[in-house]
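Results of the structural survey
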Amino acid sequence: KNQVEQSPQSLIILEGKNCTLQCNYTVSPFSNLRWYKQDTGRGPVSLTIMTFSENTKSNGRYTATLDADTKQSSLHITASQLSDSASYICVVSNYNTDKLIFGTGTRLQVFP
Amino acid sequence: GAGVSQTPSNKVTEKGKYVELRCDPISGHTALYWYRQSLGQGPEFLIYFQGTGAADDSGLPNDRFFAVRPEGSVSTLKIQRTERGDSAVYLCASSLEGAAGEFDTQYFGPGTRLTVL
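Definitions and limits used
Residues numbered from 1 in each chain as written. Chains lettered and ligands numbered in written order. Predicted model: local features only at pLDDT ≥ 70, side-chain atom pairs only at ≥ 80, totals over all residues. Heavy atoms only, no water. Contact = heavy atoms within 4.5 Å. Buried area = accessible area lost by both parts, 1.4 Å probe. Salt bridge = Lys/Arg side-chain N within 4 Å of Asp/Glu carboxyl O. Polar contact = N/O pair within 3.5 Å; in protein donor to acceptor, adjacent residues only side chain to side chain. Helix = DSSP H or I, 4+ residues; strand = E, 2+ residues; numbered from the N terminus. Buried < 20%, exposed > 50% of the residue type's maximum accessible area, 1.4 Å probe, protein only. Core = buried A, V, L, I, M, F, W, Y, C linked by side-chain atoms within 4.5 Å. pLDDT = per-residue confidence, 0-100. Disulfide = S-S within 2.5 Å.

Turning our eyes to something else, we now look at the interface of chain B and chain A. A common way to state how big an interface is: give the accessible area lost once the parts meet. Contact with chain B, which involves 19 residues of that partner, is made by 20 residues of chain A. Taking both sides of the interface into account, the surface hidden between chain B and chain A amounts to around 1,500 Å²; carbon and sulfur atoms contribute 55%. In this structure, the connection of chain B to chain A is made through 0 salt bridges. On inspection of chain B and its partner chain A, the count reaches 3 residue pairs in polar contact (both at pLDDT 80 or more).

As structure tokens, then:
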């Protein structure tokens, strides 16, 4: 069954600290994996997209990694800012159907 | 416009009523998607348009839900005989190419929050 699971469900960190969010998926065959940031009351915004041949991709303070063998991905946020408070959603695309399968997200709160 | 827009931003209706939700995609984007997002969950796929046609409507939960995109731009999601379980945020996204583009980024609108009393 095509599923995307994320952990932790929620996370609280202090401003300036780093954090890592996890994503495990069972989507097969795999096409690509995306991380989205969703602010409260807004639609998701794309952060990174990776295919199976890519191990890491950065977007500013966001760095995503992908291990296609273990079907795991992580999103590392460096030097967190208050504006990083949002939900981070892992999304995996099925190669056959082209459908995006969304995880339930990790709710990150950054406190001063 | 610079991004995807959706109207209304909030809609409160009574059980059994009919509602229409509108999506204005980014100009030039051929693909348009509708998703439904419940509290604490990720978006759930409903329907995907490529141009004017519904390329994949397998996510529509039942025949009370219908969507159109008559001119290949603006889309309307129609829900008949609304039920309390329909309450959710309905998100629209558009992309340049759609399923044909492997790295096609979907740009999301702010969503319409539907509340069925």
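Before going further, it helps to examine the environment of D84 of chain A. Residues and elements named next belong to chain A. For D84, the position within the fold is in the loop between strand 8 (72–77) and strand 9 (86–94). The exposure class of D84 is buried, given its relative accessible area of 1%. Spatially, the C-alpha atoms of D84 and F111 are 10.0 Å apart, while their sequence positions differ by 27 residues. Ignoring anything within four residues of it in the chain, the contact list for D84 reads K37, R61, Y62, I77, L108 and V110. Of the polar contacts made by the side chain of D84, one reaches the backbone nitrogen of Q81; its length is 2.8 Å.

Let us look at the nonpolar core. Counting 24 residues, the largest nonpolar core has V4, Y25, L33, W35, L75, Y88 and V92 of chain A as the members making the most contacts within it. Secondary-structure elements contributing two or more residues to this core are strand 3 (19–25), strand 4 (30–38), strand 5 (45–51), strand 7 (62–67), strand 8, strand 9 and strand 11 (106–111) of chain A.

Attention now moves to the confidence of the model for chain B. Here chain B shows a mean pLDDT of 92. Residues at 70 or above account for 95%. Here strand 6 (residues 53–56) of chain B stands out as the element of chain B with the lowest mean pLDDT, 90, in contrast to strand 3 (residues 19–24) of chain B, whose mean of 98 is the highest.

As a further point, take the state of the cysteines. Evaluated as defined, the whole model comprises 2 disulfides over all chains. Two residues, C23 of chain A and C90 of chain A, share a disulfide whose sulfurs are 2.1 Å apart. On the sign convention where negative is left-handed, the bridge of C23 of chain A and C90 of chain A, at about -70° about the S-S bond, is left-handed. Note that C23 of chain A is positioned in strand 3 and C90 of chain A in strand 9, a separation of 67 residues in sequence. Per residue, the accessibility class of C23 of chain A equals that of C90 of chain A, and both read buried. Paired through a disulfide, C23 of chain B and C92 of chain B show a sulfur-sulfur distance of 1.9 Å. Taking the torsion about the sulfur-sulfur bond, which here is approximately -65°, the covalent link between C23 of chain B and C92 of chain B counts as left-handed.

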